[in-house]
Amino acid sequence: GRCTLPATPEAARAKVHLRVRPMAMNPGEEDGYTSVLEIDESLSLLERVKYYSQSAVAVQRLVHVQELGACAEEIGPAAALSELVPLLKDVSCDAELSVRQALAEQLVPLCAVLMKAPEESAEVEGEETSAHAVVVETCVPLLSAMLTAGGGQELAGGGSAQLIDAAAEALVAIAALLPADEVGTTVLTAVLTLAHDDESEENRVVATQLLGSLAPVVSAELCCQFVLPEVISLADDPVFRVRKVAALKLGGLTAAVGAELAQARLLSVYEALAADEIWGVRKACVESLPEVANALPVDVRAERLVPLLRSLYEDGSRWVRICACQALGPFLAALPSDAISPELLSLFTQLAAPANPARADAADSDIAYFCAFYLPGVAQAVGASRWPELAEAFRTLTTNMQWKVRRTLSCAMHELASILGSELTESELVPTFDYFLKDLDEVKVGVVASIAPFLRALSPEARHKYLGAIVEMRAETDNWRFRHTLALQLADIGPLFPREAAVESLVPLALDLATDSVAEVRIAAMAKVGALLASLFADEPRPLADASPLAAFLRMVCNMASSASCHRRANCVQICTSLVADLPPQLTREHLLAELATLAEDRVPNVRLLVARLTKELLLPSAELASHPLVARMAEALRADSDRDVLLAIHEPGFEPAPYRAKPPPPPRQPAAAERPASLLGLEHPVSSGGFEVFDADAESDPSGGGDTQDPVLAATSGQGAAIGSVFSTSLEELHPPPTDSLTAADGDAVEDRQKPWLVASAMARLDVGVRPDGTRPPSLGSIAVAPQAAAATEGDTVAEGEAGGGGAEGR
């Protein structure tokens, strides 16, 4: 059926029709039934949310409940309190589980808006209440009800777990919005009620999860007084699902209560869970092992947790063993070097070997990937002196068949270089670095992205050979992302090389990247050009000599200002923006201001827009440049610009330029009667002579010969027959292309092409363009302007010249 909505008298109806197939349909029943949903989009967002959240159609309720957060942001705390809060109770009792889940997700942004003005008050359901009270007394109880019974509905069937997860996440997020001392009397009280429900294991599971998440949110006193004893109690629950969640949350709880209390009360609980009879509980303990280790004292990690990890590493469940392999790296990274024995370190290095039993037991577990990922952390923990114990594993991983393993090491090469130092880096890492530079693009991107910090770890002699490789990267690949990554590091690479070599190689590379064909590369390079030149020419004497490389570079940039391409002129302004920001003001006055002043009056608005931004953001705020006459002239010209975007860029916020005005159409030109012979313009059929078909398509609306007054045909003859004969006997070789006064478009410049359409069809490719059965002609063909040599041309018209011949009757 049709859901008819009430129309607002002030606005016209704007309906969105959505065809919906009935969700319940018996087999064999006709599939022709559809319903049309009409959404009145003339209503405001608030009006739509208020109306459609109470709709009889579930999909309308779902869509508009999902708009609660956006609507609250739009209308503000006061209106949200009075208009949206009254909707919450009914929506929380919706029959559709997906609607209630959407409400749980939207309560967080709604409460965030309300807490911006917690003292704001309004009348809600007949009672005066504040925004803070709504959050505490309405939203928190609604979420608590969803955790237990889904807002008055039994949580049966699929989707209930998603509702519980959404409500739990929302409850923790809202707790973070409240003061720490209030969380105990609001959120924590509701969670403790769930934890004490001995009849529902699901409630205890949810309570354990929430207690672990609330531990960093509540105050330290509440955490030690309530959260800690409850989690210890739940860790001994008879239901293994509760114990499993408790094992997962012990890591965050140990960090919240502190090292002393964690060692005294939680370590024994953790060890008991690690020996649980259910492998899922033991696996959860392994997953939380690195977090627990970071929260405990160093000596406790070595004495109590290392033996525990060994036992889990040799567990009877393959899933526990796999998880122990994955957790070994971060666990070792949390230990001091003296606590990592060679035997323990060998357990980690074995993960890189293909013949490792743990890897054979878990071929699809990505053990090598985890080994490569945590290798820098383990190397930092053991130090450069123990690199020989890791070197073989490193070399094995660099030749792994999976490119994601090699890519992980590729992205970490600069970290390893900073750990090992120059000598070990040059002997152990440089060959691998060179190998990765020739690897797949997915691997190569890692070393290219960190080439500056890696080269910084090398000696000056060792890094010099990479200067040529950096320049060649620009031409070696068509992947623009490599050029973009290289452009981002220009300012960091420059100081690593001698000045002469950097000026000879990197400065041209910077200009090349600043004019790249890809916009992202240009933007990245232009932002770094100024910093690169500032680092290379910091001690350059002033004023610059004509032979100075910096002066030559500035001249190259200024030459771009006179380019015929508007793109290059825009690039000039963008490069100048970087130069003005990083170079001394004296160089800007002496070398850049004159060209920028010219570009402030450029004929292309986009160029002037860039100049306006540069003027407002850098020139006018500068004490050395703002008083310069050229800067004042630029600002004056830009403030009087005709483009709205330029005016908005140069003026202060709040300025509103005048709206654009549509230009009136030019008046139609009325040609003289002699210019448009009726016998030519009134042709009803194509006239053929000498292998040509020529007709006036504009005359189809006026068969009597009136034709189109806006596209004149330049044909003046003393006799109709002679004119037609002379025109249509012209051969193809004797016709010339029509003249044009169009400008030459250069590299994207906007020019006006005033060339008129013309058409001459040869006998070799004849077009059947006769009159249609309804008396009209094809609309795709334009009028033909054909005239003898004696015809006079008017400005802008196109004339095709030919020699007279053929005679009147034969021409027809």
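Small disclaimer: the values here were computed from a predicted structure and weren't measured.

### Side note on the pattern of salt bridges
Argument step 1. Throughout the structure, instances matching the rule amount to 24 salt bridges.
Argument step 2. Across the pair Asp94 and Arg61 runs a salt bridge whose closest N-O atoms are separated by 2.7 Å. One end of the pair, Asp94, is in the loop between α4 (88-92) and α5 (97-114); the other, Arg61, is in helix α2 (residues 58-65), and 33 residues separate them in sequence. Here Asp94 matches Arg61 in class, with each residue buried.
Argument step 3. Note that Asp434 is salt-bridged to Lys465, the shortest N-O span being 3.7 Å. Taken together, the residues span a long stretch of sequence, with Asp434 in helix α23 (residues 413-437) and Lys465 in the loop between α26 (460-463) and α27 (466-476) at a distance of 31 residues.
Argument step 4. Classification of Asp434 as partly exposed rests on a relative accessible area of 24%.

### Points about the environment of Ala626
Argument step 1. Relative to the assigned elements, Ala626 resides in the loop between α35 (605-619) and α36 (629-639).
Argument step 2. Spatially, the C-alpha atom of Ala626 lies 9.0 Å from that of Thr615, the residues being eleven residues apart in sequence.
Argument step 3. The residues contacting Ala626, other than those within four sequence positions of it, are Leu619, Leu620 and Val631.

### Structural notes on the side chain of Thr432
Argument step 1. Topologically, Thr432 is positioned in helix α23.
Argument step 2. Contact partners of Thr432, with chain neighbours within four places excluded, come to Phe394, Thr398 and Met413.

### Describing the packing of aromatic side chains
Both the distance between ring centres and the angle between the ring planes are used here to describe each pair of aromatic rings.
Argument step 1. Going through the model one piece at a time under the given rule, you end up with eight aromatic pairs.
Argument step 2. Between Tyr369 and Phe370 the ring centres are 6.0 Å apart and the planes differ by 85 degrees, which places this aromatic pair in the edge-to-face class.
Argument step 3. A residue is classified by how much of its surface remains accessible, and Tyr369, at 28% relative accessible area, is partly exposed.
Argument step 4. Judged by centre distance (5.1 Å) and plane angle (85 degrees), the ring pair of Phe373 and Tyr374 falls under edge-to-face.
Argument step 5. Residue classification places Phe373 among the partly exposed residues on the basis of a relative accessible area of 48%.
Argument step 6. By the ring-pair criterion, three or more aromatic residues cluster together here, those being Tyr369, Phe370, Phe373 and Tyr374.

### Brief notes about the packing of α27 against helix α30 (residues 499-514)
Argument step 1. The N-to-C vectors of α27 and α30 enclose an angle of 15 degrees; their axes lie 10 Å apart at closest approach. Considered as vectors, α27 and α30 are oriented roughly parallel to each other. The handedness of the crossing between α27 and α30 comes out as left-handed. For the pair formed by α27 and α30, the contact residues are Leu467, Ile470, Val471 and Arg474 on the first element and Ala501, Ser505, Leu506, Leu509, Asp512 and Leu513 on the second.

What counts and how
Residues numbered from 1 in each chain as written. Predicted model: local features only at pLDDT ≥ 70, side-chain atom pairs only at ≥ 80, totals over all residues. Heavy atoms only, no water. Salt bridge = Lys/Arg side-chain N within 4 Å of Asp/Glu carboxyl O. Helix = DSSP H or I, 4+ residues; strand = E, 2+ residues; numbered from the N terminus. Buried < 20%, exposed > 50% of the residue type's maximum accessible area, 1.4 Å probe, protein only. Contact = heavy atoms within 4.5 Å. Phe/Tyr/Trp six-rings, centres within 6.5 Å; stacked < 30°, edge-to-face > 60°. Axes fitted to C-alpha atoms, helices over the stretch in contact; angles between N-to-C directions. Parallel < 35°, antiparallel > 145°, perpendicular 65-115°, else oblique. Left-handed = near helix turned anticlockwise from the far one by under 90°.

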